[in-house]
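Structural description and commentary
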Amino acid sequence: EPEVTQTPSHQVTQMGQEVILRCVPISNHLYFYWYRQILGQKVEFLVSFYNNEISEKSEIFDDQFSVERPDGSNFTLKIRSTKLEDSAMYFCASSEGSRAQYFGPGTRLLVL
Amino acid sequence: RKEVEQDPGPFNVPEGATVAFNCTYSNSASQSFFWYRQDCRKEPKLLMSVYSSGNEDGRFTAQLNRASQYISLLIRDSKLSDSATYLCGGGGNKLTFGTGTQLKVEL
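These lines cover the structure that appears in this document, whether it is placed above or below. (Residues numbered from 1 in each chain as written. Chains lettered and ligands numbered in written order. Predicted model: local features only at pLDDT ≥ 70, side-chain atom pairs only at ≥ 80, totals over all residues. Heavy atoms only, no water.)

**Quick notes on the sheet that holds strand β7 (residues 65-68) of chain A**
Residue and element names in this part refer to chain A. Heads up, the condition is: The pairing criterion is simple: DSSP has to find at least two bridges between the two strands. Secondary structure elements follow DSSP: runs of H or I no shorter than four residues count as helices, runs of E no shorter than two count as strands, and numbering proceeds from the N terminus. Simply put, an axis is a line fit to the C-alpha atoms, just over the touching stretch for a helix, and the angle between two N-to-C directions goes from 0 to 180 degrees.
Pairing within the open sheet is antiparallel, and its 4 strands lie in the order β1-β3-β8-β7. The open sheet is flanked by β1 (5-7) and β7, the only strands paired with a single partner. With strand direction ignored, the average angle separating the axes of adjacent strands in the sheet is 20°. Note: strand β3 (residues 19-24) against strand β8 (residues 75-79), 5 bridges, orientation antiparallel. Looking at the pairing, I20 lines up with K78 of β8.

Structure representation (structure tokens):
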């Protein structure tokens, strides 16, 4: 069964450093998403991406965040200058249009 | 009012019990609704889509009531392996989730 994959599974970084989280969406899906979940809190939408551009983003997704589809398979989330409060689990998801979204296993980011 | 609200639980039920969760949403423009299951420190896994006509998959039944803006999930004959947090999510281009309802099925 096709699935979304994410790397790395864990990332520890120093405050102020840049991090890139990587995702490989399900191959025939055209819509891609990033969500985050701070420990003990709900899953929060960050950004959606379709046709090589951002289609919607939340207030959390400020200028420190960017997304890119550098090739035909990868979808990345970059945080330019990490803050302590960026520590969370980051989930990538993909979908066929407005159908259900399928989530990857997540990257646990810890900012020290 | 929160966009999506769920009773956080926990719901502690014996094995074999029937348990029902409700979820209310405030955005009447939301187009699609889903139930996801999330195990501790894991990703949300799609359980089922939710339709106004109702949707049944084995022991699980989901229902959408657009007039009252709520979504329900019924689990029959609950198993120990059903213990998890159940998230309802709705939206169009993005999904807005509730905080989740924790279910613990006990012997």
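**Considering the interface of chain A and chain B**
Condition: Here, two residues are considered to be in contact whenever any of their heavy atoms come within 4.5 Å of each other. Buried area is understood as the total, over both parts, of accessible area removed when two parts are fitted together, assessed with a 1.4 Å probe. Counted as salt bridges are all cases of a side-chain nitrogen of Lys or Arg within 4 Å of a carboxyl oxygen of Asp or Glu. Distance and chemistry together define a polar contact, namely a pair of N or O atoms within 3.5 Å, with one atom able to donate a hydrogen and the other to accept it when in protein, and with adjacent residues in sequence counting only for side-chain atoms on both sides.
At the junction of the two partners, chain A supplies 22 residues and chain B supplies 16 residues. Summed over both sides, the interface of chain A with chain B buries roughly 1600 Å², with 54% coming from carbon and sulfur. Among the residues chain A hides against chain B, the three largest losses belong to K42(A), V43(A) and F103(A). Together they make up 28% of the total. The interface formed by chain A and chain B includes 1 salt bridge. The partner of E56(A) in a salt bridge is K94(B), and the shortest N-O contact between them spans 3.9 Å. Applying the counting rule to chain A against chain B returns 3 residue pairs in polar contact (both at pLDDT 80 or more).

**Observations regarding the environment of S83(B)**
Residues and elements named next belong to chain B. Convention followed: Burial here depends on accessible area, computed with a 1.4 Å probe over protein chains only, as a share of the maximum for the residue type. Under 20% is buried, over 50% is exposed, and the range in between is partly exposed.
Tracing the backbone shows S83 in the loop between β8 (70-75) and β9 (84-91). On the basis of relative accessible area, S83 is assigned to the partly exposed category, the value being 26%. Spatially, the C-alpha atoms of S83 and Q38 are 9.5 Å apart, while their sequence positions differ by 45 residues. Side-chain polar atoms of S83 contact the backbone oxygen of L80, separated by 3.0 Å.

**With respect to the pairing of strand β5 (residues 44-50) of chain A**
Residues and elements named next belong to chain A. Buried residues dominate β5, accounting for 5 of its 7 residues. Where strand β4 (residues 31-37) lies against β5, 6 bridges are found, and the strand directions are antiparallel. Looking at the pairing, Y31 lines up with Y50 of β5. Between β4 and β5, which pair antiparallel in sequence order, lie 6 residues; one of them, G40, sits at a positive phi of approximately 85°. Note that β5 and strand β6 (residues 53-57) share 4 bridges and pair antiparallel. Directly across from F49, in β6, lies its bridge partner I54. From the end of β5 to the start of β6, which pair antiparallel, there are 2 residues, and N51 there has a positive phi angle of about 55°.

**Remarks on the pattern of salt bridges**
Evaluation of the coordinates by the stated rule reveals 7 salt bridges over all chains. Between R36(A) and E44(A) there is a salt bridge whose closest N-O contact spans 3.2 Å. Residue classification places R36(A) among the buried positions, given a relative accessible area of 11%. With its nearest N and O atoms 3.0 Å apart, the salt bridge here joins D39(B) to R37(B). Under the relative-accessibility criterion, D39(B) is labelled partly exposed at 28%.

Shape descriptors only; they carry no functional weight alone.
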